[in-house]
Amino acid sequence: MTEALGYSVGDLLVISAEAFDARVGGTTRQRVLIDWPWWESDPDSANSWDGTVGFPRDPDAYDWCNTPWRLEPDPSELETGDACFVGIPPTEVRVTGIEKYEPPADFGFLPRPEYVLEVVPTDLIDDDEAGYVIYLNGAEPIELERVDV
């Protein structure tokens, strides 16, 4: 699919999300698990979801190329139960793909994703492993702004 809901493969966008209060639901040596404020567990799902989204503790970890979200304070300082902020600083991305899930995808959380934009930050466009998806019908407060070129 190359077009959906007003977006096309190749579009240049700036994505952002204001910092939102969140809580650390757990930690491991390498990950911080944030109680995700925008999704809820899907009671009818064939998959279980524990209510958290994981992020690398190391601010220099390559995995940060695969999420637009950033945490404050620094994830290496966070412990279970700590309050934190999660948001997306303005980031220029290129749409590299569009998918429509029919039926909506069952990942264990609600709302179930229907349309997905696959995007890559423009400064990482040549990195085949970098990028992430944005659920167009998701509850996350992500702002998408088209950049005219």
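It should be emphasised that the depicted structure is a prediction, and the values quoted were computed from it without experimental measurement. (Residues numbered from 1 in each chain as written. Predicted model: local features only at pLDDT ≥ 70, side-chain atom pairs only at ≥ 80, totals over all residues. Heavy atoms only, no water.)

A. The arrangement of the overall build of the chain in detail. When helices and strands are counted, the chain shows zero helices and 12 strands. For 149 residues, the compact-globule estimate of 2.2 N^0.38 gives 15 Å, and the chain sits close to it at 16 Å. If one aligns the C-alpha atoms of the chain with their principal axes, the spans along those axes are about 40 × 40 × 25 Å. Counting the 149 residues in the chain, one finds 40% classified as buried. Contacts in the chain between residues far apart in sequence, at least 24 positions, make up 60% of those at least 6 positions apart. Put simply, the chain shows about 8300 Å² of open surface, and 46% of that area lies on carbon and sulfur atoms. Looking at charge distribution, the chain has the averaged site of its 9 positive side-chain charges lying 3 Å from that of its 32 negative ones. (Helix = DSSP H or I, 4+ residues; strand = E, 2+ residues; numbered from the N terminus. Rg over C-alpha atoms; globule rule 2.2 N^0.38 Å. Buried < 20%, exposed > 50% of the residue type's maximum accessible area, 1.4 Å probe, protein only. Contact = heavy atoms within 4.5 Å. Areas by Shrake-Rupley, 256 points an atom, 1.4 Å probe, with all protein chains shown as cover. Lys, Arg positive; Asp, Glu negative; His and termini not counted. Charge placed at Lys NZ, Arg CZ, Asp CG, Glu CD.)

B. Quick peek at the pairing of strand β8 (residues 83–100). Of the pairings in the sheet, the one linking strand β3 (residues 12–27) to β8 comprises nine bridges and is antiparallel in character. Its bridge partner being in β8, F20 is matched across the sheet by V86. With three bridges joining them, strand β7 (residues 70–72) and β8 adopt antiparallel strand pairing. Counterpart to R70 in the pairing with β8 is G87. Bridge count between β8 and strand β10 (residues 115–121): seven bridges; the pairing is antiparallel. Looking across to β10, one finds that I98 is bridged to L117. (Pairing = 2+ DSSP bridges.)

C. Representation of the packing of aromatic side chains. Within the structure shown, the criterion is met by 15 aromatic pairs. A ring pair is formed by W39 and W49, whose centres lie 5.5 Å apart and whose planes are at 65 degrees; its orientation type is edge-to-face. Of this pair, W39 sits in the loop between β4 (31–35) and β5 (40–41) while W49 is found in the loop between β5 and β6 (52–56), placing the two residues 10 residues apart along the sequence. Assigned by exposure class, W39 and W49 land together as buried. Ring geometry for F109 and Y135: centres 6.0 Å apart, planes at 50 degrees, overall tilted. Of this pair, F109 sits in strand β9 (residues 109–110) while Y135 sits in strand β11 (residues 132–135), and the two are 26 residues apart along the sequence. Here the two residues F109 and Y135 agree in accessibility, since each one is buried. Connected via pairs of aromatic rings, a cluster forms that spans F20, W36, W38, W39, W49, F55, W64, W69, Y101, F107, F109 and Y135. (Phe/Tyr/Trp six-rings, centres within 6.5 Å; stacked < 30°, edge-to-face > 60°.)

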